[in-house]
Amino acid sequence: MKKLLGLALLMLLLISASGTIAVENELHPSIEGTWELTSRYNYDGENVTDTLTPVKGYSQIKMFYNGKVMWTRYTPNKEVEWFGYGSYEATDNTLVEKLEYMSASMRKIANEDMQWSMELQLDNNTFTQISLDEDGGRIASENYHRVD
């Protein structure tokens, strides 16, 4: 009888813990995972002025795991490579990426410290990273959906 009662309590604990985790994930989504670019927006400082969708065959993937970020872009019919690897920090509304290395094409346009601070909009299955100008105005965004 004690074993049966113990087993019932253990099952109840596991069920209640799994329910708590699901609710917690909905309230505090994680950027950890694999993401694919779905579109880009251009802004006038505040509002979206243009939406750009990838051409057929184009693919851009970002992966976030354990404080590390890696991204790659494939553009059909182009010989230019685009990729990068480094670390990241995410809060409720900011994403900071500091790359350790990147493709030569990316290095040509990268800032000196290879660090990017962006506004972050995140939910369970989508995220948007928004580039800001020096006054905090929105310039452009990359919009992603979760692959894994």
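Structure shown above.
Keep in mind that this is a model prediction, so the values were computed, not measured.

(A) Structural detail: the nonpolar core. Residues I31, W35, F64, Y88, L95, M102 and F127 are the most contacted members of the largest nonpolar core, which totals 19 residues. Residue assignment for this core shows that the elements contributing at least two residues are β1 (33-45), β4 (68-74), β5 (82-90), β6 (94-102) and β7 (115-122). Counting residues per element, this core draws most heavily on β6, which supplies 3 residues. Leave out the neighbours within four places in its chain, and L95 touches I31, F64, Y88, E89, A90, W116, S117, M118, L120, F127 and Q129.

(B) Molecular detail of the pairing of β4. Pairing analysis gives 7 bridges linking strand β3 (residues 59-65) to β4, with the strands arranged antiparallel. Across the sheet, Y65 pairs through a bridge with K68, a residue of β4. Hairpin geometry of β3 and β4 is characterised by an intervening segment of 2 residues between the two adjacent antiparallel strands and by a positive phi of about 50 degrees at N66. Sheet topology places β4 next to β5; 6 bridges connect them, and they run antiparallel. When the bridges of β5 are listed, T72 appears paired with F83.

(C) Examining a nonpolar patch on the surface more closely. Together, M63, Y65, M70 and Y101 make up an exposed nonpolar region whose accessible area comes to about 380 Å². Take M70: its relative accessible area is 42%, and that puts it in the partly exposed class.

(D) View of the pairing of β7. Here β6 runs beside β7; their pairing, made up of 5 bridges, is antiparallel. Bridge pairing in β7 places K98 opposite Q115. The antiparallel pairing of β7 with strand β8 (residues 126-132) creates a hairpin that spans 3 residues between the two strands.

Rules behind the numbers
Residues numbered from 1 in each chain as written. Predicted model: local features only at pLDDT ≥ 70, side-chain atom pairs only at ≥ 80, totals over all residues. Heavy atoms only, no water. Core = buried A, V, L, I, M, F, W, Y, C linked by side-chain atoms within 4.5 Å. Buried < 20%, exposed > 50% of the residue type's maximum accessible area, 1.4 Å probe, protein only. Helix = DSSP H or I, 4+ residues; strand = E, 2+ residues; numbered from the N terminus. Contact = heavy atoms within 4.5 Å. Pairing = 2+ DSSP bridges. Patch = residues over 30% accessible without salt bridge, like charges linked within 9 Å, V, L, I, M, F, W, Y side chains within 5 Å. Areas by Shrake-Rupley, 256 points an atom, 1.4 Å probe, with all protein chains shown as cover. Salt bridge = Lys/Arg side-chain N within 4 Å of Asp/Glu carboxyl O.

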